[in-house]
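Overview (structure and organization)
Residues per chain are reported as follows:
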Amino acid sequence: MNKYKAYASIDKTRFFDTFITTNKNGKKRLGIRFYRWFSIFCINFLFFLSYRIDLQALEGTLSGSRFFGFHLIDPFISMQMFLAHHNLHVNLIIGTVTILAFYLIMGGRAFCSWVCPYNILGEISERLHKILVEKKIIRSYKFNHKIKYVFWVFFLFLAFFAGYLVFEIINPVGILSRAIVYGWSFALLIVTVLFLVEVFFAQRFWCRYICPIGTTYSFLGWISVMKIKRTNECDRCNACSKVCLVPHVLKKQDKKEITIISGECTLCGRCIEVCHKDALIFDTKLKKLI
Ligand code: SF4
Ligand code: SF4
């Protein structure tokens with residue numbers, strides 16, 4: 001992908017070319033997407049190895065694990081557990097606080113782009129969806145992104161009233177993570193149906209409009225240290241918002257240099273990869289403090 005040559009768009013670049021980027025001097029290098037997918041692969045492979053060959057590095061699944069003995073718990077699981085059982089084991093609290101502290105620095109929804117295995121399926125379905133829309137074979141349906149807050153409350157209510165973690169039955173992140181570690185199960189049918197919905201019905205349907213895990217991380221993202229910053233180089237071409245999972249976070253900005261504070265940004269770097277003016281960069285609030 002060479003963003004300097006033409007008005008770049010991930011859509012108009014061949015899928016595997018989006019893993020390689022060209023710098024201003026014409027030199028090719030691995031792109032952010034390559035590093036993201038590599039990160040997702042390594043983390044989930046570590047889960048797999050820890051179980052299969054008893055590596056004991058990252059034991060468990062993305063819902064709850066131990067990293068060299070340190071407990072790590074998905075915050076949304078903890079919230080459901082608390083509402084369903086009205087108490088939290090001390091290891092759950094430690095694991096949740098550790099995860100919260102980590103993503104407070106790295107950016108809340110960085111989990112989505114850099115860790116979650118469903119993100120890879122989501123990006124593949126997105127590509128297929130756009131091809132079908134372009135060929136006028138299907139229509140793309142869009143919804144109000146704020147509906148995810150309704151689902152977030154709904155799944156917590158379900159845990160409270162059922163006394164059970166109902167969401168975990170359909171949670172594609174948990175299903176995929178368990179499948180990677182322990183092998184396939186019929187629950188993968190749910191992931192398959194979701195994938196098909198995203199291909200034929202609505203782009204990134206789950207991640208944009210439903211996933212309460214991503215929504216929980218987004219609350220953290222508002223105050224997290226790692227951010228995307230847009231500099232004065234921006235010429236308002238809008239290429240960035242066209243490739244963004246949550247385009248409203250980029251569209252709303254005015255012309256001045258600005259840091260994207262929205263917790264919905266997943267720090268995927270796709271906007272950086274298409275900006276021909278190099279106006280978008282990863283930035284940390286820490287710089288201001290030093
Ligand atoms: S929104 Fe949910 S499914 Fe999508 S990438 Fe984030 S955690 Fe994964
Ligand atoms: S603003 Fe950029 S980094 Fe954030 S989600 Fe959108 S494309 Fe990804």
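As a reminder, the structure under discussion sits directly above these lines.
So, a few notes on the structure that sits alongside this text. All figures in this text were calculated on a predicted structure; none of them were measured in a lab.

Attention now goes to the overall build of the protein. Helices and strands together make up the secondary structure of the protein, namely 15 helices and eight strands. Expected size for 290 residues packed as a compact globule is a radius of gyration near 19 Å; at 19 Å, the protein falls within 12% of this value. Taken along its principal axes, the extent of the C-alpha atoms in the protein is 55 × 55 × 40 Å. Counting the 290 residues in the protein, one finds 48% classified as buried. Sequence-distant contacts, at least 24 apart, represent 69% of the contacts inside the protein between residues at least 6 apart. Counting every atom, the protein has about 15,100 Å² of accessible surface; 69% of that belongs to carbon and sulfur. Charged side chains of the protein number 38 positive and 18 negative; the gap between the two group centres comes to 5 Å.

A word on the side chain of Glu 198. With respect to the secondary-structure elements, Glu 198 resides in helix α9 (residues 188-200). It is Arg 204 that comes nearest to the buried, bridge-free Glu 198 among opposite-charge side chains, at 4.7 Å. One polar contact links Glu 198 to Tyr 118, side chain to side chain, over a distance of 3.1 Å.

In the region of ligand 2, the neighbouring residues are Ile 228, Cys 244, Val 246, Val 249, Leu 250, Cys 265, Thr 266, Leu 267, Cys 268, Gly 269 and Cys 271. In terms of residue class, the shell around ligand 2 is built from nine nonpolar, two polar and no charged.

What follows deals with the environment of Val 274. Relative to the helices and strands, Val 274 resides in helix α14 (residues 270-274). Linking Val 274 and Met 1, residues 273 residues apart in sequence, is a C-alpha distance of 8.5 Å.

Once that is clear, we can look at the environment of Lys 242. Following the sequence through the fold, Lys 242 ends up in helix α12 (residues 239-243). Residue Lys 242 is classed as exposed on the basis of its relative accessible area, which comes to 52%. When the C-alpha positions of Lys 242 and Phe 38 are compared, they lie 24 Å apart, and in sequence the two are 204 residues distant.

Glancing now at unusual backbone geometry. With a phi close to 45°, Phe 68 is a non-glycine residue in the positive phi region. With respect to the helices and strands, Phe 68 occurs in the loop between β4 (64-67) and β5 (70-73). Judged by its relative accessible area of 55%, Phe 68 is exposed. With a phi close to 50°, Asp 278 is a non-glycine residue in the positive phi region. As for its position among the elements, Asp 278 is in the loop between α14 and β8 (280-284).

Strand pairing in a sheet relies on backbone hydrogen bonds, with the paired strands running either antiparallel or parallel. Taking strand neighbours across the sheet as the criterion, the three strands line up as β7-β6-β8 in an open arrangement whose pairing is antiparallel. Among the strands making up the open sheet, the edge pair consists of β7 (258-260) and β8. Taking each pair of neighbouring strands and ignoring which way they run, the sheet shows an average axis angle of 40°. Across five bridges, strand β6 (residues 226-230) lies against β8 in antiparallel orientation. Bridge assignment links Lys 227 to a residue of β8, and that residue is Asp 283.

Our focus in this paragraph is the site of ligand 1. All residues adjacent to ligand 1 are Arg 109, Phe 111, Cys 112, Cys 116, Tyr 118, Asn 119, Val 173, Trp 206, Cys 207, Cys 211 and Gly 214. Taken together, the elements giving at least two residues each to the shell around ligand 1 come down to α4 (110-114), α5 (118-134) and α10 (205-209). Its residues assigned to classes, the shell around ligand 1 comprises eight nonpolar, two polar and one charged.

Once that is clear, we can look at α5. Since the α-helix advances by 3.6 residues per turn, residues separated by three or four positions end up pointing in the same direction. The end-to-end C-alpha separation of α5 is 24 Å, in line with the 24 Å expected for 17 residues at 1.5 Å each. Among the residues of α5, Tyr 118, Asn 119, Ile 120, Gly 122, Glu 123, Ser 125, Glu 126, Arg 127, His 129, Lys 130 and Leu 132 are the ones counted as buried. Phi for Lys 136, located one or two positions after α5, is positive at around 60°.

Scoring rules and cut-offs
Residues numbered from 1 in each chain as written. Chains lettered and ligands numbered in written order. Predicted model: local features only at pLDDT ≥ 70, side-chain atom pairs only at ≥ 80, totals over all residues. Heavy atoms only, no water. Helix = DSSP H or I, 4+ residues; strand = E, 2+ residues; numbered from the N terminus. Rg over C-alpha atoms; globule rule 2.2 N^0.38 Å. Buried < 20%, exposed > 50% of the residue type's maximum accessible area, 1.4 Å probe, protein only. Contact = heavy atoms within 4.5 Å. Areas by Shrake-Rupley, 256 points an atom, 1.4 Å probe, with all protein chains shown as cover. Lys, Arg positive; Asp, Glu negative; His and termini not counted. Charge placed at Lys NZ, Arg CZ, Asp CG, Glu CD. Salt bridge = Lys/Arg side-chain N within 4 Å of Asp/Glu carboxyl O. Polar contact = N/O pair within 3.5 Å; in protein donor to acceptor, adjacent residues only side chain to side chain. Near = heavy atom within 4 Å. Nonpolar A, V, L, I, M, F, W, Y, C, P; charged D, E, K, R; others polar. Pairing = 2+ DSSP bridges. Axes fitted to C-alpha atoms, helices over the stretch in contact; angles between N-to-C directions. Expected span 1.5 Å × (residues − 1).

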